[in-house]
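Here are the chains, one letter per residue:
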Amino acid sequence: MYYSNGNYEAFAKPEKPQGVDNKSAYLVGSGLASLAAACFLVRDGQMKGERIHILEELSLPGGACDGIRDQEKGFIIRGGREMENHFECLWDLFRSIPSLETEGASVLDEFYWLNKKDPNYSLMRATVNRGEDAHTDGKFGLTEKASMEILKLFFTIDEDLYDKKVSDLFSQEFFDSNFWLYWRTMFAFEDWHSALEMKLYVQRFIHHIGGLPDFSALKFTKYNQYESLILPMIKYLEAHQVDFQYDVKVTDVVFDMIAGKKEARTISCLRNGAKDAISLTENDLVFVTNGSCIENAAFGDQNHPPEFRIADGGCWNLWRNIAKQDPAFGKPDKFCTNTQATNWESATVTTLDDKIPPYIQKICKRDPFSGRVVTGGIITAKDSNWLLSYTLNRQPHFKEQPKDQLVVWVYGLFTDVPGNYVKKPMRECTGKEITEEWLYHMGVPEAEIPKLAAESARSIPCMMPYITAFFMPRAAGDRPKVVPEGCTNFAFIGQFADTVRDTVFTTEYSVRTAMEAVYTLLNVDRGVPEVFNSCYDVRVLLDSTCKLMDGKKVIDMKLPFIANLAKKTVLKKISGTVIEELLKKYNAI
């Protein structure tokens, strides 16, 4: 497996890998990573679909990319996915997946057309005082000290950030800035999360710094991600006769360790509750999604809060059982043993009549029933005790959604503190109480809140104990490599597999690890697109530095006296050169 860029290999079809007709594949889990791996096995590995077996513990595929209409509860989404231009592996995949709505078009085609016609941006990023504009005004509000702390993080090598927390590197001036408000609510970062992951995010999305305050950097699907991304993949795989097996809980993968080689020999599982085992040969490839951000996710309803389930879940125990066999298989307990640090809660609120939508429209400044961009991303109630944020994507968010209803996604980062209106921690609240807290921060008159929450909306809360487990401080080896050293027929895929430079909690990461795994184990002779290299582009670095400082020119930063003398000398030397032209173009001088 090797990396490439440019379009020379982007449009090339690889030759059929040697020996592929004698190989089979077993994929544990049916989330985005597994489905993507299956698609790459079919498209680039040219493996026959009937030789690809997807083993899923539940009765429904999709993993964390959900979106369902429960006949009893209503519409449910645990979260949403933010995408951008340079998800190179994701778009490489979806250019080949046919659209379910537009004949002759791919999923990428329809996504591209949609976001060209209806570009995303927010008109209200944050509120205070129950729905008033917080007037962040697109500014980051970073002091010079805080700006320098971000620059220092950007240039710090990975090794110096192992097991470090965000709070180990930043001062209170940084945490008081709009930048941290934007950042933590958009990406769900906490002070105690990994400084290394934050650095990777800064480097990975440095080209989007200017679009962070108003979300103009982002793109969204037409519907929820299950209907827009997962279902087309399932239909594609079913058309190729890929074998989906549900109600199969994999508990272990047993290896033979011979002469430095690690060969998966048995998949231990429970099939409809009964013990079973799948014997493997060197021609049977195994792809395991290790760990899960939505393991033990629990739903409440309008009148009941969700459980906070802390018992070990199946995905984590599977990884533990594999990891016991060799250090190269990672350290799952670094990520899944502190649910107080890795949880937050979301809720799907469906409006049932015309009472609540006017309050939404007043804040987001758009007609939520237009079919176009509504909030353009999350709106954060800056003074919320729960740090409550909410978003409305294009409506309808579900194909089956009635035209007079809206589906709103609400989430809170702090689930263990009392709310501003509902004097209870979010994790103890019913769906109705979460709606009440949301309506309070929307500016609904307090006398009207109980009635609207009870009669004009239906809310389905979801507690996720491990939702930010991949952000826990870590060091080398805690996450296993996609193909661990010595493995001949085995790979890890998904958010807890380790690949270079990319960032977890993204659709791209799942698809990238899947692509790398398939290309490595099958020896596919085509390059995996490298992570977009904006962090090495001097133009991007100049532009983003100026934007971080809210337009202040780099040359005007307060520097020691001797540096100011040197600055004048440098400016004189570059006068009339392309360097001066470049610095002026990107507002550095």
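These figures come from a predicted structure and were not determined experimentally.

S.K.: Whenever I open this one, the nonpolar core confuses me. Can you help?
M.R.: If you look at soluble globular proteins, the nonpolar side chains tend to sit buried side by side. F174, F179, W183, M198, L237, F287 and F490 are the most contacted members of the largest nonpolar core, which has 141 residues in total. Considering each element in turn, this core owes the most residues, 10 residues, to helix α1 (residues 32–43). A domain-level breakdown of this core finds at least three residues from each of domain 1 (18–63 + 243–338 + 474–523) and domain 2 (111–127 + 344–464). Excluding residues that lie within four positions of it along the chain, F179 makes contacts with F140, L142, I150, F174, M198, I209, L212 and L548.

S.K.: Sorry, what's going on with the side chain of N178 here?
M.R.: On the secondary structure map, N178 appears in helix α6 (residues 178–187). With residues up to four places along the chain from it excluded, the contact list for N178 reads T136, K139, F140 and K382.

S.K.: Just to check I follow, could you spell out the layout of surface pockets for this structure?
M.R.: One simple way to see leftover space: roll a probe sized like a water molecule over the atoms. By volume, the second largest pocket is sized at about 700 Å³. What lines the second largest pocket is a set of 27 residues, and nearest its centre among them are N85, H86, E88, W91 and D92. Where the lining of the second largest pocket is concerned, the elements lending two or more residues are α2 (88–94) and α3 (107–117). A breakdown of the residues in the lining of the second largest pocket according to their chemical character gives nine nonpolar, nine polar and nine charged.

S.K.: Would you mind going over the state of the cysteines with me for this structure?
M.R.: Chemically, a disulfide is nothing more than a covalent bond linking the sulfur atoms of two cysteines. Within the structure shown, the criterion is met by zero disulfides. Here C293 is not cross-linked by a disulfide; its sulfur's nearest cysteine counterpart is in C65, at 8.9 Å. When its relative accessible area of 11% is taken as the criterion, C293 is described as buried. Cysteine C535 is unpaired, with the sulfur of C89 as its nearest cysteine sulfur at 16 Å.

S.K.: So what exactly am I meant to see when it comes to empty space enclosed by the protein here?
M.R.: Evaluated as defined, the whole model comprises two cavities of 30 Å³ or more. Size it by volume and the largest cavity reaches roughly 60 Å³. Along the walls of the largest cavity sit N120, F220, T221, V373, V374, T375, G376, G377, L392, N393 and R394, which together make up its complete lining. Grouping the constituent residues of the lining of the largest cavity by class yields four nonpolar, six polar and one charged. Computed from the structure, the second largest cavity encloses a volume of approximately 30 Å³. Lining the second largest cavity we find S147, L151, T545, L548 and M549. When contributions to the lining of the second largest cavity are tallied by element, the ones reaching two or more residues are α4 (144–155) and α16 (538–548). Classifying every residue of the lining of the second largest cavity by side-chain character gives three nonpolar, two polar and no charged.

S.K.: Just to check I follow, could you spell out the sheet that holds strand β8 (residues 243–245) for this structure?
M.R.: The strands making up a sheet associate through backbone hydrogen bonding, with each pair oriented either parallel or antiparallel. One open sheet accounts for five strands, arranged β8-β3-β2-β12-β19; its pairing is parallel. Each of the sheet's edge strands pairs with one partner strand only, and the pair in question is β8 and β19 (490–493). Adjacent strand axes in the sheet meet at a mean angle of 20° when their direction is disregarded. Relative to β19, strand β12 (residues 284–289) is paired through four bridges, and the arrangement is parallel. Counterpart to V286 in the pairing with β19 is F490.

S.K.: Even after reading the chapter, I still don't get the domain arrangement of the chain, so can you show me in this structure?
M.R.: For interface size, the figure often reported is the accessible area lost on association. By domain assignment, the chain separates into domain 1 (18–63 + 243–338 + 474–523), domain 2 (111–127 + 344–464) and domain 3 (553–588). Placing a centre on the C-alpha atoms of domain 1 and another on those of domain 2 gives a separation of 34 Å. For the pair domain 1 and domain 2, the summed buried surface comes to about 1,200 Å²; carbon and sulfur atoms form 61% of the total. Among the residues of domain 1 in contact with domain 2, Q302, P306 and F308 are the three that bury the most area, contributing 46% of the side total. Linking domain 1 with domain 2 are zero salt bridges, by the criterion used here. Within the side of domain 1 that touches domain 2, the residues separate by chemical class into nine nonpolar, five polar and two charged.

S.K.: It is not clear to me how the environment of Y519 should be interpreted in this structure. Could you clarify?
M.R.: Looking at where Y519 falls in the secondary structure, it is placed in helix α15 (residues 507–522). In sequence terms Y519 and I356 are 163 residues apart; their C-alpha atoms lie 50 Å from each other.

S.K.: Quick question: what am I supposed to make of helix α7 (residues 195–204) here?
M.R.: Spacing of three or four residues puts side chains on the same side of an α-helix, whose turn is 3.6 residues. Here α7 lies mainly inside the structure; 10 of its 10 residues are buried. Listed in full, the buried residues belonging to α7 are A195, L196, E197, M198, K199, L200, Y201, V202, Q203 and R204. The inward-facing, buried residues of α7 contact α4, α5 (172–175), α6 and α15.

S.K.: What is the right way to read the pairing of strand β10 (residues 261–271) from this model?
M.R.: Pairing geometry for strand β9 (residues 248–258) and β10, over 10 bridges, is antiparallel. Each residue of the ladder has a partner; that of D252, found in β10, is S268. Following β9, the chain reverses through two residues before pairing antiparallel with β10; A259 in that reversal takes a positive phi of roughly 50°. Summarising the sheet, β10 and strand β11 (residues 274–279) pair through six bridges and their orientation is antiparallel. By the bridge assignment, L270 is partnered in β11 with K275. Linking two consecutive strands that pair antiparallel, namely β10 and β11, is a turn of two residues; a positive phi of about 55° is found at N272 within it.

Calculation criteria
Residues numbered from 1 in each chain as written. Predicted model: local features only at pLDDT ≥ 70, side-chain atom pairs only at ≥ 80, totals over all residues. Heavy atoms only, no water. Core = buried A, V, L, I, M, F, W, Y, C linked by side-chain atoms within 4.5 Å. Buried < 20%, exposed > 50% of the residue type's maximum accessible area, 1.4 Å probe, protein only. Helix = DSSP H or I, 4+ residues; strand = E, 2+ residues; numbered from the N terminus. Domains from an automatic or database assignment. Contact = heavy atoms within 4.5 Å. 1 Å grid on protein atoms, 1.4 Å probe; cavity = no way out; pocket = protein on both sides within 12 Å on 5 of 7 lines; lining within 4 Å. Points joined across faces, edges and corners; volume = space filled by probe spheres on them. Nonpolar A, V, L, I, M, F, W, Y, C, P; charged D, E, K, R; others polar. Disulfide = S-S within 2.5 Å. Pairing = 2+ DSSP bridges. Axes fitted to C-alpha atoms, helices over the stretch in contact; angles between N-to-C directions. Buried area = accessible area lost by both parts, 1.4 Å probe. Salt bridge = Lys/Arg side-chain N within 4 Å of Asp/Glu carboxyl O.

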